Amino acid sequence: MDSTELLKKVRKIEIRTKALSQQIFSGQYHSAFKGRGMAFSEVREYQYGDDIRNIDWNVTARFNHPYIKIFEEERELTVMLLIDVSGSTQFGTKQQFKSDLITEISAVLSFSAINNNDKVGVIFFSNQVEKFIPPKKGRSHILRIIRELVDYKSQQVQTNMSEALRYLTNAIKKRCTAFILSDFVNCDCEQALKIAANKHDVVALQITDRGDTLLPLMGLLQIHDPETGKNAVADTSNVRVQQEYARWWHEQQKRNIEVFKKTGVDVAQLYTDKDYVKSLSELFHRRGA
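Predicted model only: the values in this text are computed from it and were never measured.

**Let's talk about the packing of helix H5 (residues 161-171) against helix H6 (residues 190-199)**
No. 1: Relative orientation of the contacting elements H5 and H6 amounts to 25°, with a least axis distance of 9 Å. Between H5 and H6, the angle is such that the two are roughly parallel. Every pair of crossing elements has a handedness; the one defined by H5 and H6 is left-handed. Of the residues in H6, those in contact with Ser162, Leu165, Leu168 and Thr169 of H5 are Ala192, Leu193, Ile195, Ala196 and Lys199.
No. 2: Here the residues of the contact of H5 with H6 are counted per class, giving six nonpolar, two polar and one charged.

Right, dumping it as structure tokens:
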């Protein structure tokens, strides 16, 4: 992709996602993702009913009259996007590839974050951490992230989410909100996810294409696994083949849900052929309730 085409695509994504983040998600994002705690704001004279534990004894002694400390919720967050760039995200049978939807949702989350004066950082991962963009604020930083998302070429095709989670745990010292954007296909990361979720607020956004969930009825079909490079031929008109694939998909989804429950990770299911606005709104509402 040349620079002119890249800039046009970045601009198109910015216009759509910035509008969504401002018009739809701004209030929901604010209530769904809490700050790290309470920060000191000011002191004022003690009033009847105030908590005596908040008395500022130094100021009280200086003015010979009781004063208390006022605290406000510390709203500033660090938001980390863990972006799956493995081979399985370069797949789509309907409107777009999974990687395209990942890019757009990442942009929406990024603009929602900077509207709330939060920092945003990114970890690109396959079976290794491929790129780390440290968290910063500002529109120019978000546009850099979008450019990377649009134009990034993965170095590897396989997936090892545990590596990305371990990197997050080690690299980001203070508690952050971490969104994992992945299809979670063949994901074996329960231990690393548990450790990361104990330190950070982790949210899983599972990006799914309808072609992941069932085989098309097309007779003999050559199937290519982008992560292993292996090819196979399947008779998709065979009922048993259809049932075996459906069983495999169901078992995988069941295992993922169990892992999310065990580790206390919120999850939203997003599809390449459906509007993601409703799913994200439901996630934000559920967290802000």
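**Some remarks on the pattern of salt bridges**
Between side chains of opposite charge, pairing is possible as soon as their charged atoms come close.
No. 1: A full pass over the atoms with the stated rule returns 14 salt bridges.
No. 2: One salt bridge in this structure joins Arg210 and Asp273, with 3.3 Å as the shortest N-O distance. Of this pair, Arg210 sits in helix H7 (residues 210-213) while Asp273 sits in the loop between strand E10 (266-271) and helix H9 (277-288), placing them 63 residues apart in sequence.
No. 3: Judged by relative accessible area, which is 24%, Asp273 ranks as partly exposed.
No. 4: Between Arg287 and Asp266 there is a salt bridge; the shortest N-O distance is 2.8 Å. Remark: Asp266 occurs in strand E10 and Arg287 occurs in helix H9; sequence separation between them is 21 residues.
No. 5: You can call Arg287 buried: its relative accessible area is 17%.
No. 6: Within this structure, Arg11, Glu14 and Arg139 form a network of salt bridges that share partners.

**A look at the nonpolar core**
What tends to happen in soluble globular proteins is that the nonpolar side chains get buried as a cluster.
No. 1: Counting residues in each nonpolar core, the largest one holds 45 residues, and the members touching the most others are Leu81, Ile83, Ile105, Ile146, Phe179, Leu205 and Tyr276.
No. 2: When residues in this core are grouped by element, the largest group, nine residues, is from helix H3 (residues 98-115).
No. 3: Excluding residues that lie within four positions of it along the chain, Tyr276 makes contacts with Arg16, Leu20, Leu101, Glu104, Ile105, Val108 and Leu270.

**Looking at the side chain of Ser110**
No. 1: Among the secondary structure elements, Ser110 is positioned in helix H3.
No. 2: Within the local environment of Ser110, its side chain forms a polar contact with the backbone oxygen of Ser106, the two atoms lying 2.8 Å apart.
No. 3: Setting aside residues up to four positions removed in sequence, Ser110 forms contacts with Leu81, Val120 and Ile142.

**Things to note about the layout of surface pockets**
Where empty space is left becomes clear once a probe the size of a water molecule has been rolled over the atoms.
No. 1: Of the volumes computed, that of the largest pocket is approximately 1100 Å³.
No. 2: Around the largest pocket sit 35 residues that line it, and Ile223, His224, Asp225, Pro226 and Tyr245 are the ones nearest its centre.
No. 3: Secondary-structure elements contributing two or more residues to the lining of the largest pocket are H7, strand E8 (220-224), strand E9 (231-235) and helix H8 (239-263).
No. 4: Forming the walls of the second largest pocket are 30 residues, and the residues nearest its centre are Ser99, Asp100, Thr103, Leu149 and Val150.
No. 5: At the level of elements, helix H1 (3-32), strand E3 (78-84), H3 and helix H4 (139-151) are the ones that each hand at least two residues to the lining of the second largest pocket.
No. 6: Split into classes, the residues belonging to the lining of the second largest pocket amount to 11 nonpolar, 10 polar and nine charged.

**Considerations on the sheet that holds strand E7 (residues 201-208)**
No. 1: Strand order across the open sheet formed by six strands is E5-E4-E3-E6-E7-E10, with mixed pairing between neighbours. This sheet does not close on itself; its edge strands, each paired only once, are strand E5 (129-136) and E10. When strand polarity is set aside, the average angle formed by the axes of neighbouring strands in this sheet is 15°.
No. 2: In the sheet, strand E4 (residues 119-125) pairs with E5 via five bridges, with the strands oriented antiparallel. Counterpart to Ile123 in the pairing with E5 is Phe132.

What counts and how
- Residues numbered from 1 in each chain as written.
- Predicted model: local features only at pLDDT ≥ 70, side-chain atom pairs only at ≥ 80, totals over all residues.
- Heavy atoms only, no water.
- Axes fitted to C-alpha atoms, helices over the stretch in contact; angles between N-to-C directions.
- Helix = DSSP H or I, 4+ residues; strand = E, 2+ residues; numbered from the N terminus.
- Parallel < 35°, antiparallel > 145°, perpendicular 65-115°, else oblique.
- Left-handed = near helix turned anticlockwise from the far one by under 90°.
- Contact = heavy atoms within 4.5 Å.
- Nonpolar A, V, L, I, M, F, W, Y, C, P; charged D, E, K, R; others polar.
- Salt bridge = Lys/Arg side-chain N within 4 Å of Asp/Glu carboxyl O.
- Buried < 20%, exposed > 50% of the residue type's maximum accessible area, 1.4 Å probe, protein only.
- Core = buried A, V, L, I, M, F, W, Y, C linked by side-chain atoms within 4.5 Å.
- Polar contact = N/O pair within 3.5 Å; in protein donor to acceptor, adjacent residues only side chain to side chain.
- 1 Å grid on protein atoms, 1.4 Å probe; cavity = no way out; pocket = protein on both sides within 12 Å on 5 of 7 lines; lining within 4 Å.
- Points joined across faces, edges and corners; volume = space filled by probe spheres on them.
- Pairing = 2+ DSSP bridges.

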